[in-house]
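Observations on chain architecture
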Amino acid sequence: MSAVSLAAEKIRAFEQEGVVLLPGLLSPDWVDACRQAWTFSVQNPGPLASGLLPGTDSAFQDLCNPSAYAAYREIIHDSPLADAAQALWNGSPVWYMYEQVFHKTGNAGRTPWHQDTSYLAVDGDHLIAFWISFESLPKSHGLEFVRGSHRGPLFNTSRFDRTDPTLPIFASETVPNLPDVEARRREFDIVSFATNPGDVIGFHTSVLHGGGAVDRQIEERRTLTLRFFGERSISAKRPGAAGPFYEDIRTLKPGEPFRHTRFPKVR
Ligand SMILES: O=C(O)CCC(=O)C(=O)O
């Protein structure tokens, strides 16, 4: 039985829409702990740290930093995040996958539309990213999601090229390129949420998402994303080198349960 109980409406939203707002999931103490861990990541970048958006130096990201684990350990194991994942998955065990930090400032603008799963060698119903912003954000500057898009299709990656955000990283004749969601917004069922620190957005890693603009109204955004998976998750093959980028998980075979000692079981 999970220590976080969620209304049936929240569980339904995650299953059917691929995204759910969990207001006040994190207490002020947990928000502080997350902010400290985020600060550790920014001050101690790992091998995958980079600019999120090619052509600008105003969007930093880091992810899958093996040296950051200790800074996140308590949050991963003891915070309500893992409980919330378990509640959304009707009691499934929960494993932790990896952290990602974002720091957007100045003219960083929007994050292009994409699906995280297309960059990852994993598939399944039990995949979640918890998006935690340390700034209060109006709906207009929140991350945006295409409701229900986690149910498919899974498109190719985006290389976040500003001139054409649908250009993929992987060459593939079978996996379709992303649609230009931003250019055709009216054709998509897009949702976003106003959030305050402590509110958490949980989204399936296959849901199309983008936005979260930083501009003259919101000049800085510090965000932490923590990803977890549950029982219904399998290793998958992508048309190119896919994450999570830990050398020691390369032995996983497509189709087998996505389990590895690299990923601690937290519930
Ligand atoms: O916060 C952002 O701008 C991007 C977030 C994102 O794409 C993610 O957490 O997967």
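I will try to describe carefully the structure that is included in this document. (Residues numbered from 1 in each chain as written. Predicted model: local features only at pLDDT ≥ 70, side-chain atom pairs only at ≥ 80, totals over all residues. Heavy atoms only, no water.)

1. Looking at the packing of aromatic side chains
According to the stated counting rule, one finds 11 aromatic pairs in the structure shown. An aromatic cluster is built from Trp95, Phe229, Tyr246, Phe258 and Phe263, whose rings are joined through pairwise contacts. The side chain of Arg259 reaches across the aromatic face of Trp95, ending 4.2 Å from its centre. Its guanidinium or amino end placed over the ring of Tyr246, Arg262 lies 4.2 Å from that ring's centre, counting from NZ or CZ. (Phe/Tyr/Trp six-rings, centres within 6.5 Å; stacked < 30°, edge-to-face > 60°. Lys NZ or Arg CZ within 6 Å of the ring centre and 35° of its normal.)

2. Re the sheet that holds strand E10 (residues 200-203)
Read across the sheet, 7 strands follow the order E1-E10-E7-E12-E4-E3-E2 without closing on themselves; strand pairing throughout is antiparallel. On the outer flanks of this sheet lie strand E1 (19-22) and strand E2 (50-51), each paired with one strand and no other. Here 4 bridges tie E1 to E10, and the two strands are oriented antiparallel to one another. Bridge pairing links Leu22 to Val200 in E10. On the sheet, helix H2 (residues 28-43) packs against strand E3 (59-63), strand E4 (94-105), strand E7 (127-133) and strand E12 (220-230) and is oriented at approximately 70° with respect to E4. (Pairing = 2+ DSSP bridges. Helix = DSSP H or I, 4+ residues; strand = E, 2+ residues; numbered from the N terminus. Contact = heavy atoms within 4.5 Å. Axes fitted to C-alpha atoms, helices over the stretch in contact; angles between N-to-C directions.)

3. Focus on the packing of H2 against helix H3 (residues 69-78)
Between H2 and H3, whose axes approach to 8 Å, the crossing angle comes to 140°. For the pair H2 and H3, the sense of crossing is left-handed. In contact with Trp30, Ala33, Cys34, Ala37, Trp38, Phe40 and Ser41 of H2, H3 contributes Ala71, Tyr72, Glu74, Ile75 and Asp78. Classifying every residue of the contact of H2 with H3 by side-chain character gives 9 nonpolar, 1 polar and 2 charged. (Left-handed = near helix turned anticlockwise from the far one by under 90°. Nonpolar A, V, L, I, M, F, W, Y, C, P; charged D, E, K, R; others polar.)

4. Some remarks on the site of the ligand
Taken together, Phe102, Lys104, Thr111, His114, Asp116, Trp131, Leu143, Phe203, His209, Arg221, Thr225 and Arg227 form the complete shell of residues around the ligand. Contact between the ligand and Asp116: an oxygen atom at 2.9 Å from a side-chain N or O atom of the residue. Within the side chain of Arg221, an N or O atom sits 2.8 Å from an oxygen atom of the ligand. Broken down by element, the shell around the ligand gets its largest block of residues, 3 residues, from E12. Residues belonging to the shell around the ligand are distributed by class as follows: 4 nonpolar, 4 polar and 4 charged. (Near = heavy atom within 4 Å. Polar contact = N/O pair within 3.5 Å; in protein donor to acceptor, adjacent residues only side chain to side chain.)

5. A short note on the environment of Gln16
Relative to the helices and strands, Gln16 resides in helix H1 (residues 8-17). Accessibility expressed as a relative area gives 39% for Gln16, which makes it partly exposed. Filtering out sequence-adjacent residues up to four positions away, Gln16 remains in contact with Gly148, His150 and Arg151. (Buried < 20%, exposed > 50% of the residue type's maximum accessible area, 1.4 Å probe, protein only.)

6. Quick notes on the nonpolar core
Core analysis: the largest hydrophobic core is formed by 37 residues, its most contacted members being Tyr72, Leu81, Phe130, Leu224 and Phe228. Secondary-structure elements contributing two or more residues to this core are H1, E1, H2, H3, helix H4 (80-88), E4, E7 and E12. Looking at this core, the element that brings in the most residues is H4, giving 6 residues. Setting aside residues no more than four positions away along its own chain, Phe130 makes contact with Leu22, Leu81, Ala84, Ala85, Val200, Ile201, Gly202, Leu224, Thr225, Leu226 and Phe228. Counting residues in each nonpolar core, the second largest holds 14 residues, with Cys64, Trp95, Leu252 and Phe258 among its members. (Core = buried A, V, L, I, M, F, W, Y, C linked by side-chain atoms within 4.5 Å.)

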